[in-house]
Amino acid sequence: MQYRLTIDVFCHAEQTSSAAKALAEQRAFARCKIAVRDGGLARAVTHYADHPSPHLIIVEDDGDTDMLQSRLDSLAQVVEPGRKLIVVGAINDISVYRRIVSLGVTDYLVSPLSLEGMTDAIERAAHDPKGPEKCKFIAVTGARGGVGASTIAHNMAWAAAKRLNIRTILADMDLTFGTAGLAFNQDPRTAFGEAFGDPERIDVTLLERYMAGDDDNLQILSTPGALRQYDSIDEESVEKAIDLCRQMAKLVIVDVPHVWTDWSEALLTSADETVLVLAPDIANIREARNLLDFLNGKRGDSKQVKVVINKSDIAKRTRLLPKDISSTLGIQPVAAIPFDPTTFIEAANDGKMIGERFKSHKLIGVFTDLVMRTGVRAGVKSGSATAPKKLAFPGLFRKPQPKVA
Ligand SMILES: Nc1ncnc2c1ncn2[C@@H]1O[C@H](COP(=O)(O)OP(=O)(O)O)[C@@H](O)[C@H]1O
Ligand SMILES: [Mg+2]
């Protein structure tokens, strides 16, 4: 099995550091992003004060256990909830193991750590059924261009961030003509497409530089509108960028433009949920049929594409009613959004989402419901919607199944 985890290791002992560096050479961990640093637990505490948390943190500490507990407490203040922590300590004693694990730490191992000890511990942690809360990844696309897929992706992102209080990233993969920045009245300093010029360099820090948004709960990757060509984008770099976004948020909504390339196919196939938007006409139905056959075949029964009919009542007198479309496609749409040019144009002209432009509007509920139909649940309300919630230790790290060292 190949893992796709981000792992930070903070070492003291030379042997632990060598083991961590050798980890990336192992086939099972070749797709992991592993960062190895010296300085042990103390450095981890300062590091996470201003860096995002990876899936798994391994910290080595050479202090006594009383010190260890207070340092873990400090770490808990800065690490995002739901991440896994393996502690490597100097004391080889089962009572210390029990005490540390009872705090909610995933595992306690004795320093220094061999490569084998490290791989075993990561494998155990990765298979812990109470794993870190995963970030959901939703891909939104249109059966044809102009059907309103981007508009729906934008309003879903707004509803998730503002109505459901979920830390959300909206990634606009229409790298040249994307409108996510414009729609939210944001001006990305650099076009998201530039990130793919040198795929090796893509990391969390780089992506943060491309993000725009005045609210931590909603960050946007888009273009300021420069006429640039982005032809040689490969599937792996897109996958890498989206994986990194998933470490930085609870929900990633990717607006996949109406193109058929390796990377668009990969996004639509691999997303946790794929939403296909279509307008009620014959060409849309033909394209939707093709896309649904292909994507559902690849995604399997449990992850079928969800269909939204947009501008559903645009041609009131034609026979293409939502019920006709669903019987032709053999699928029940999750939403039918009416044709309402005044509302959409007014909001767009103000650089606002419908929920911002209008105090109350029934479409706000429609978009919120659409997000929830993809299985996303409202986040916990904190004092401020902008600050990521920081929980006190020991509730921070998920408690593992009881086991003996
Ligand atoms: N339900 C709707 N009623 C009226 N206009 C809509 C609706 N949905 C989208 N639009 C408009 O349709 C146009 C195309 O939308 P867009 O989201 O850019 O489409 P796509 O991303 O599928 O190419 C935009 O001007 C948008 O405001
Ligand atoms: Mg679009």
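Going along each chain's sequence as written, the residues are numbered from 1 onward. Here chains are named by letter from A upward and ligands by number from 1 upward, in the order in which they appear as written. Under the rules for a predicted model, residues below a pLDDT of 70 receive no local features and side-chain atom pairs below 80 are neither given nor counted, while totals for whole chains, interfaces and linings still include all residues. Hydrogens and water molecules were not included; the side-chain quantities draw on all heavy atoms of the structure.

1. Looking at the sheet that holds strand β3 (residues 56-61)
Logical step 1: Pairing is parallel across the open sheet formed by five strands, whose spatial order is β2-β1-β3-β4-β5. Each edge of the open sheet is held by one strand with a lone partner, namely β2 (33-38) and β5 (107-110). Strand after strand, the sheet turns through a mean of 15 degrees between neighbouring axes, direction not considered.
Logical step 2: The sheet strands contacting helix α4 (residues 94-102) are β4 (84-89) and β5, and the helix crosses β5 at an angle near 145 degrees. Two strands form a pair only when DSSP identifies at least two bridges running between them. A helix here means a DSSP run of H or I that spans at least four residues, while a strand means a run of E at least two residues long, and both kinds are numbered starting from the N terminus. Comment: axis = line fitted to C-alpha atoms, over the contacting stretch for helices; angle = value between 0 and 180 degrees taken between N-to-C directions. In what follows, residue pairs with any heavy atoms lying within 4.5 Å of each other are defined as contacts.

2. Structural notes on the environment of Arg246
Logical step 1: Inspection of the secondary structure puts Arg246 in helix α9 (residues 235-248).
Logical step 2: Spatially, the C-alpha atom of Arg246 lies 7.4 Å from that of Phe137, the residues being 109 residues apart in sequence.
Logical step 3: Once you skip the residues sitting within four places of it in the chain, Arg246 turns out to touch Lys134, Cys135, Phe137, Val252 and Asp272.

3. Brief notes about the domain arrangement of the protein
Logical step 1: Throughout, the edges of the domains are those of an automatic or database domain assignment. Each assigned domain of the protein is listed here: domain 1 (6-126) and domain 2 (136-373).
Logical step 2: If you average the C-alpha positions of domain 1 and of domain 2, the two centres end up 37 Å apart.
Logical step 3: Listed as interface residues are eight residues of domain 1 and, on the opposing side, eight residues of domain 2.
Logical step 4: Summing both partners gives a buried area of about 610 Å² for domain 1 against domain 2, and 47% of it is carried by carbon and sulfur.
Logical step 5: What gets called buried area is simply the loss in accessible area from a 1.4 Å probe that two parts show on being joined, summed for both. It is Arg31, Lys33 and Pro52 in domain 1 that bury the most area against domain 2; as a group they hold 53% of the surface buried on that side.
Logical step 6: Throughout this description, the term salt bridge denotes a Lys or Arg side-chain nitrogen within 4 Å of a carboxyl oxygen of Asp or Glu. At the junction of domain 1 and domain 2, the tally comes to one salt bridge.

4. Some remarks on the site of ligand 1
Logical step 1: Nearness of a residue to a molecule or strand requires only that one of the residue's heavy atoms be within 4 Å of it. Taken together, 15 residues sit near ligand 1, with Gly146, Ala149, Ser150, Thr151 and Asn310 positioned nearest.
Logical step 2: In the environment of ligand 1, an oxygen atom lies 2.5 Å from a nitrogen or oxygen atom belonging to the side chain of Thr151.
Logical step 3: Within the contact set of ligand 1, a nitrogen atom lies 2.9 Å away from a backbone nitrogen or oxygen of Pro338.
Logical step 4: Only the protein chains shown count as covering a residue, and every accessible area follows the Shrake-Rupley method with a 1.4 Å probe. Against a free-state accessible area of 560 Å², the protein chains account for coverage of 73% of ligand 1.
Logical step 5: For the shell around ligand 1, the secondary structure elements donating two or more residues are α6 (149-163) and α13 (341-349).
Logical step 6: Looking at the shell around ligand 1 element by element, the count peaks at three residues for α6.
Logical step 7: Residues are grouped as follows: Ala, Val, Leu, Ile, Met, Phe, Trp, Tyr, Cys and Pro are nonpolar; Asp, Glu, Lys and Arg are charged; every other residue, Gly included, is polar. The class makeup of the residues in the shell around ligand 1 is seven nonpolar, six polar and two charged. Polar contacts here mean pairs of N or O atoms no more than 3.5 Å apart (in protein, one a potential hydrogen donor and the other a potential acceptor; neighbouring residues in sequence count only if both atoms are side-chain atoms).

5. What to know about helix α3 (residues 65-78)
Logical step 1: An expected span of 1.5 Å times one less than the residue number is assigned to each helix. Helix length check: α3, at 14 residues, gives a terminal C-alpha distance of 20 Å against a target of 20 Å (1.5 Å per residue), a fit within 8%.
Logical step 2: Within α3, the full set of buried residues consists of Thr65, Leu68, Leu72, Leu75, Ala76 and Val78. Angularly, the buried residues of α3 cover 155 degrees about the axis, an arc narrow enough to put them on a single face.
Logical step 3: The elements touched by buried residues of α3 are α2 (40-47), β3, β4, α4 and β5. Using a 1.4 Å probe on the protein chains alone, a residue whose accessible area is under 20% of its type maximum counts as buried, one over 50% counts as exposed, and one in between counts as partly exposed. Read the arc as the range of directions from the helix axis to the C-beta atoms.

6. As for the nonpolar core
Logical step 1: Nonpolar core, defined: a set of buried Ala, Val, Leu, Ile, Met, Phe, Trp, Tyr and Cys residues in which side-chain atoms within 4.5 Å join the residues together. Counting 48 residues, the largest nonpolar core has Met173, Phe192, Phe196, Val254 and Leu267 as its most contacted members.
Logical step 2: No other element matches the six residues that α9 contributes to this core.
Logical step 3: Beyond its immediate chain neighbours, meaning those up to four positions away, Met173 contacts Phe192, Phe196, Val238, Val254, Asp255, Pro257, Trp263 and Leu267.
Logical step 4: Core analysis: the next-biggest nonpolar cluster, separate from the first, contains 40 residues, Ala157, Leu164, Leu218 and Ile337 among them.

7. Focus on the pairing of strand β7 (residues 168-172)
Logical step 1: For β7, a buried count of five out of five residues is recorded, marking the element as mostly surrounded by other parts of the structure.
Logical step 2: Summarising the sheet, β7 and strand β9 (residues 218-221) pair through four bridges and their orientation is parallel. When the sheet's bridge partners are listed, Ile169 is paired in β9 with Gln219.
Logical step 3: Relative to strand β10 (residues 251-255), β7 is paired through five bridges, and the arrangement is parallel.

8. Notes on the packing of α9 against helix α10 (residues 262-270)
Logical step 1: Between α9 and α10, whose axes approach to 8 Å, the crossing angle comes to 40 degrees. Taken together, the axes of α9 and α10 are oblique relative to one another. At the point where α9 passes α10, the crossing takes the right-handed sense. From α9, Glu235, Val238 and Ile242 reach across to α10, where they touch Asp262, Trp263, Ala266 and Leu267. These descriptions rest on fixed angle ranges, namely under 35 degrees for roughly parallel, over 145 for roughly antiparallel, 65 to 115 for roughly perpendicular, and the rest for oblique. Crossing handedness: left-handed means the near helix sits turned counterclockwise from the far one by under a right angle, and right-handed means the same turn made clockwise.

9. Observations regarding the pattern of salt bridges
Logical step 1: In the structure shown here, the tally under the stated rule is 16 salt bridges.
Logical step 2: Between Glu265 and Lys298 there is a salt bridge whose closest N-O contact spans 3.7 Å. With a gap of 33 residues between them, Glu265 in helix α10 and Lys298 in helix α11 (residues 282-299) connect regions that are remote in the sequence.
Logical step 3: In this structure Glu265 comes out as partly exposed when scored by relative accessible area, which is 21%.
Logical step 4: When the shortest N-O distance is used, the salt bridge between Arg357 and Asp350 registers 2.9 Å.
Logical step 5: Exposure remark for Arg357: the relative accessible area of 28% places this residue in the partly exposed category.
Logical step 6: On the accessibility criterion, Asp350 (39% relative accessible area) is partly exposed.
Logical step 7: Overlapping salt bridges bring together Arg144, Arg286 and Glu287 as one network.

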